[in-house]
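Report on the structure
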Amino acid sequence: MVLATKITGTLWAWGENQYGQLGDGTFINKTTPVIVSSGNWKTIDASIGHHCFAIDIAGNLWGWGRNNYYQLGDGSNIDKNSITLISSSGDWKLVKGGWEHTTAIKNNGSLLSWGRNQLGQLGNSYATALIPAMVGTDLQWDQLSTGANFSIATKQDGSLWLWGNNNHGQLGNGTTISSAVPFQLVGANNWHTILAGYEHAL
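Right, let's walk through the structure included here. Fair warning: this is a prediction, and the values are worked out from it, not measured in the lab.

Things to note about the overall build of the chain
- The number of helices and strands found in the chain is zero helices and 15 strands.
- A globule of 202 residues ought to have a C-alpha radius of gyration of about 17 Å, and the chain, at 16 Å, matches this closely.
- Oriented by its inertia axes, the alpha-carbon framework of the chain measures out at about 45 × 30 × 30 Å.
- Across the 202 residues of the chain, 50% fall into the buried class.
- By element, 55% of the accessible surface of the chain is carried by carbon and sulfur atoms, the whole surface being about 8,700 Å².
- The averaged location of the 12 negative side-chain charges in the chain is 3 Å from the averaged location of its 10 positive side-chain charges.

See below:
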(Lines give C-alpha, C1' and ligand atoms only; values in the text may rest on other atoms or scores of the structure.)
Protein backbone atom coordinates (compact mmCIF):
# COMPACT_ATOMS: atom_id res chain seq x y z
CA MET A 1 0.00 0.00 0.00
CA VAL A 2 0.95 3.63 -0.39
CA LEU A 3 0.09 6.59 1.86
CA ALA A 4 0.49 10.23 0.89
CA THR A 5 -0.51 13.68 2.12
CA LYS A 6 -1.13 16.80 0.09
CA ILE A 7 -0.04 20.30 1.07
CA THR A 8 -3.63 20.88 2.15
CA GLY A 9 -3.14 18.21 4.84
CA THR A 10 -5.46 15.61 3.28
CA LEU A 11 -4.49 11.93 3.49
CA TRP A 12 -4.64 9.59 0.49
CA ALA A 13 -4.00 5.86 0.05
CA TRP A 14 -3.93 3.16 -2.62
CA GLY A 15 -2.81 -0.43 -3.23
CA GLU A 16 -3.45 -3.63 -1.28
CA ASN A 17 -6.18 -3.43 1.35
CA GLN A 18 -6.61 -6.99 2.68
CA TYR A 19 -6.42 -5.89 6.31
CA GLY A 20 -7.95 -2.43 5.94
CA GLN A 21 -4.52 -0.79 5.76
CA LEU A 22 -5.75 1.89 3.37
CA GLY A 23 -8.03 3.22 6.11
CA ASP A 24 -10.93 4.02 3.77
CA GLY A 25 -13.49 1.86 5.62
CA THR A 26 -13.25 -1.08 3.20
CA PHE A 27 -11.12 -4.16 2.58
CA ILE A 28 -11.07 -3.56 -1.19
CA ASN A 29 -7.80 -2.95 -3.08
CA LYS A 30 -7.54 0.44 -4.77
CA THR A 31 -5.65 0.94 -8.04
CA THR A 32 -5.85 4.74 -7.89
CA PRO A 33 -5.44 7.16 -4.97
CA VAL A 34 -8.50 7.58 -2.75
CA ILE A 35 -8.94 10.26 -0.11
CA VAL A 36 -8.93 8.76 3.37
CA SER A 37 -9.17 11.86 5.53
CA SER A 38 -9.59 15.58 5.05
CA GLY A 39 -7.89 16.23 8.41
CA ASN A 40 -4.58 17.97 8.82
CA TRP A 41 -1.75 15.45 9.35
CA LYS A 42 1.78 16.14 10.56
CA THR A 43 3.40 12.77 9.79
CA ILE A 44 2.38 9.38 8.40
CA ASP A 45 3.90 5.90 8.29
CA ALA A 46 3.11 2.81 6.20
CA SER A 47 4.73 -0.11 8.00
CA ILE A 48 6.72 -2.99 6.55
CA GLY A 49 3.74 -5.09 7.67
CA HIS A 50 0.12 -4.18 6.98
CA HIS A 51 -0.59 -1.48 9.56
CA CYS A 52 -0.37 2.30 9.30
CA PHE A 53 -0.09 5.31 11.57
CA ALA A 54 -0.50 9.06 11.44
CA ILE A 55 0.10 11.90 13.86
CA ASP A 56 -2.18 14.90 13.46
CA ILE A 57 -1.10 18.51 13.93
CA ALA A 58 -2.39 18.39 17.51
CA GLY A 59 0.08 15.57 18.28
CA ASN A 60 -2.51 12.80 18.61
CA LEU A 61 -1.72 9.27 17.41
CA TRP A 62 -3.97 7.38 14.98
CA GLY A 63 -3.65 3.86 13.53
CA TRP A 64 -5.36 1.39 11.21
CA GLY A 65 -4.84 -1.90 9.36
CA ARG A 66 -3.70 -5.30 10.59
CA ASN A 67 -3.79 -5.78 14.35
CA ASN A 68 -3.34 -9.51 14.98
CA TYR A 69 -0.51 -8.94 17.45
CA TYR A 70 -1.77 -5.66 18.97
CA GLN A 71 0.50 -3.64 16.69
CA LEU A 72 -2.02 -0.79 16.53
CA GLY A 73 -1.74 -0.28 20.29
CA ASP A 74 -5.45 0.16 21.03
CA GLY A 75 -5.57 -2.83 23.38
CA SER A 76 -7.38 -5.10 20.92
CA ASN A 77 -6.25 -7.57 18.26
CA ILE A 78 -8.99 -6.64 15.78
CA ASP A 79 -8.05 -5.24 12.37
CA LYS A 80 -9.22 -1.68 11.71
CA ASN A 81 -10.23 -0.54 8.21
CA SER A 82 -10.74 3.08 9.20
CA ILE A 83 -8.52 5.59 10.95
CA THR A 84 -8.72 4.90 14.69
CA LEU A 85 -7.62 7.14 17.53
CA ILE A 86 -4.89 5.40 19.55
CA SER A 87 -3.86 8.22 21.88
CA SER A 88 -5.15 11.76 22.36
CA SER A 89 -2.28 12.82 24.65
CA GLY A 90 -1.10 15.37 22.07
CA ASP A 91 2.60 14.69 22.57
CA TRP A 92 3.55 12.22 19.83
CA LYS A 93 6.58 13.14 17.69
CA LEU A 94 7.42 10.13 15.50
CA VAL A 95 5.98 6.64 14.88
CA LYS A 96 7.31 3.71 12.84
CA GLY A 97 5.69 0.33 12.16
CA GLY A 98 7.62 -2.92 11.74
CA TRP A 99 6.25 -6.27 10.61
CA GLU A 100 4.08 -6.93 13.66
CA HIS A 101 5.27 -4.31 16.12
CA THR A 102 5.48 -0.54 16.41
CA THR A 103 7.87 1.96 17.96
CA ALA A 104 7.48 5.67 18.62
CA ILE A 105 9.09 8.72 20.21
CA LYS A 106 7.20 11.38 22.16
CA ASN A 107 8.01 15.07 22.32
CA ASN A 108 9.65 14.62 25.72
CA GLY A 109 12.22 12.24 24.21
CA SER A 110 10.75 9.03 25.61
CA LEU A 111 10.77 5.82 23.53
CA LEU A 112 7.71 3.56 23.38
CA SER A 113 6.89 0.25 21.70
CA TRP A 114 4.01 -2.20 21.38
CA GLY A 115 2.89 -5.33 19.51
CA ARG A 116 4.60 -8.68 18.98
CA ASN A 117 7.85 -9.27 20.83
CA GLN A 118 9.04 -12.85 20.25
CA LEU A 119 12.48 -11.64 19.11
CA GLY A 120 12.92 -8.76 21.54
CA GLN A 121 11.84 -6.18 18.96
CA LEU A 122 10.04 -4.07 21.59
CA GLY A 123 13.27 -3.45 23.46
CA ASN A 124 11.83 -4.29 26.88
CA SER A 125 12.03 -8.07 27.41
CA TYR A 126 10.08 -10.60 25.33
CA ALA A 127 6.48 -9.87 26.41
CA THR A 128 3.82 -8.72 23.94
CA ALA A 129 2.53 -5.21 24.67
CA LEU A 130 -1.16 -4.48 23.96
CA ILE A 131 -0.74 -0.72 24.29
CA PRO A 132 2.25 1.64 24.00
CA ALA A 133 4.81 0.90 26.73
CA MET A 134 7.85 3.00 27.59
CA VAL A 135 11.26 1.48 26.83
CA GLY A 136 13.57 2.25 29.73
CA THR A 137 13.54 5.66 31.39
CA ASP A 138 15.76 7.73 29.09
CA LEU A 139 14.28 10.95 27.68
CA GLN A 140 16.99 11.59 25.09
CA TRP A 141 15.65 9.69 22.05
CA ASP A 142 15.69 11.65 18.80
CA GLN A 143 15.29 9.68 15.54
CA LEU A 144 13.83 6.23 14.86
CA SER A 145 13.43 3.62 12.13
CA THR A 146 11.85 0.16 12.36
CA GLY A 147 12.63 -2.94 10.32
CA ALA A 148 10.83 -6.27 10.16
CA ASN A 149 11.58 -7.41 13.73
CA PHE A 150 14.20 -4.91 14.87
CA SER A 151 14.58 -1.18 15.41
CA ILE A 152 17.32 1.43 15.16
CA ALA A 153 17.33 4.81 16.88
CA THR A 154 19.53 7.76 17.73
CA LYS A 155 19.70 9.83 20.87
CA GLN A 156 20.13 13.59 21.03
CA ASP A 157 23.90 13.17 21.46
CA GLY A 158 24.08 11.40 18.07
CA SER A 159 24.69 7.93 19.53
CA LEU A 160 23.25 4.97 17.63
CA TRP A 161 21.18 2.26 19.35
CA LEU A 162 19.69 -1.01 18.06
CA TRP A 163 17.61 -3.93 19.36
CA GLY A 164 15.53 -6.92 18.26
CA ASN A 165 16.18 -9.67 15.72
CA ASN A 166 19.75 -10.07 14.45
CA ASN A 167 19.62 -13.22 12.35
CA HIS A 168 21.32 -11.51 9.41
CA GLY A 169 23.55 -9.17 11.39
CA GLN A 170 21.15 -6.25 11.00
CA LEU A 171 22.06 -4.94 14.46
CA GLY A 172 25.55 -4.18 13.17
CA ASN A 173 27.52 -5.44 16.19
CA GLY A 174 29.47 -8.17 14.39
CA THR A 175 27.26 -11.01 15.64
CA THR A 176 23.95 -12.68 14.77
CA ILE A 177 22.73 -12.66 18.37
CA SER A 178 19.43 -10.86 18.97
CA SER A 179 18.99 -8.30 21.74
CA ALA A 180 15.84 -7.68 23.79
CA VAL A 181 17.13 -4.32 25.02
CA PRO A 182 18.60 -1.34 23.15
CA PHE A 183 22.39 -1.32 23.03
CA GLN A 184 24.73 1.38 21.77
CA LEU A 185 26.70 0.60 18.64
CA VAL A 186 30.35 1.37 19.28
CA GLY A 187 31.58 4.39 17.34
CA ALA A 188 31.61 8.17 17.22
CA ASN A 189 28.42 9.91 18.34
CA ASN A 190 27.76 11.66 15.07
CA TRP A 191 24.95 9.63 13.49
CA HIS A 192 22.46 11.82 11.62
CA THR A 193 20.17 9.86 9.26
CA ILE A 194 19.08 6.25 9.86
CA LEU A 195 16.87 3.86 7.94
CA ALA A 196 15.84 0.26 8.66
CA GLY A 197 14.90 -2.08 5.82
CA TYR A 198 13.24 -5.46 6.16
CA GLU A 199 16.35 -7.16 7.58
CA HIS A 200 19.08 -4.58 7.02
CA ALA A 201 19.85 -1.00 8.04
CA LEU A 202 21.38 2.13 6.54
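Focus: the nonpolar core
- Core analysis: the largest hydrophobic core is formed by twelve residues, namely Phe53, Ile55, Leu61, Leu72, Ile86, Trp92, Val95, Ala104, Leu112, Trp114, Leu122 and Ala129.
- Within the residue set of this core, elements represented by two or more residues are β5 (51-56), β8 (92-97) and β10 (111-115).
- Not counting the four nearest positions on each side in its chain, Ile86 is found in contact with Phe53, Leu61, Trp62, Gly63, Leu72, Gly73 and Asp74.

Focus: the packing of aromatic side chains
- Per the counting criterion, the structure on display carries six aromatic pairs.
- Aromatic pair Phe53 and Trp114: ring centres 6.0 Å apart, planes at 80°, arrangement edge-to-face. Separated by 61 residues along the polypeptide, Phe53 in strand β5 and Trp114 in strand β10 bring together distant segments of the chain. As far as the burial class goes, Phe53 and Trp114 line up, both buried.
- An aromatic cluster is defined as three or more aromatic residues linked by ring pairs; in this entry it consists of Phe53, Trp92 and Trp114.
- We note Arg116 situated over the ring of Tyr69; from NZ or CZ to the ring centre the distance is 4.2 Å.
- If you follow Lys155 out to its NZ or CZ, it ends over the ring of Trp161, 3.9 Å from the centre.

Criteria and cut-off values
- Residues numbered from 1 in each chain as written.
- Predicted model: local features only at pLDDT ≥ 70, side-chain atom pairs only at ≥ 80, totals over all residues.
- Heavy atoms only, no water.
- Helix = DSSP H or I, 4+ residues; strand = E, 2+ residues; numbered from the N terminus.
- Rg over C-alpha atoms; globule rule 2.2 N^0.38 Å.
- Buried < 20%, exposed > 50% of the residue type's maximum accessible area, 1.4 Å probe, protein only.
- Areas by Shrake-Rupley, 256 points an atom, 1.4 Å probe, with all protein chains shown as cover.
- Lys, Arg positive; Asp, Glu negative; His and termini not counted.
- Charge placed at Lys NZ, Arg CZ, Asp CG, Glu CD.
- Core = buried A, V, L, I, M, F, W, Y, C linked by side-chain atoms within 4.5 Å.
- Contact = heavy atoms within 4.5 Å.
- Phe/Tyr/Trp six-rings, centres within 6.5 Å; stacked < 30°, edge-to-face > 60°.
- Lys NZ or Arg CZ within 6 Å of the ring centre and 35° of its normal.

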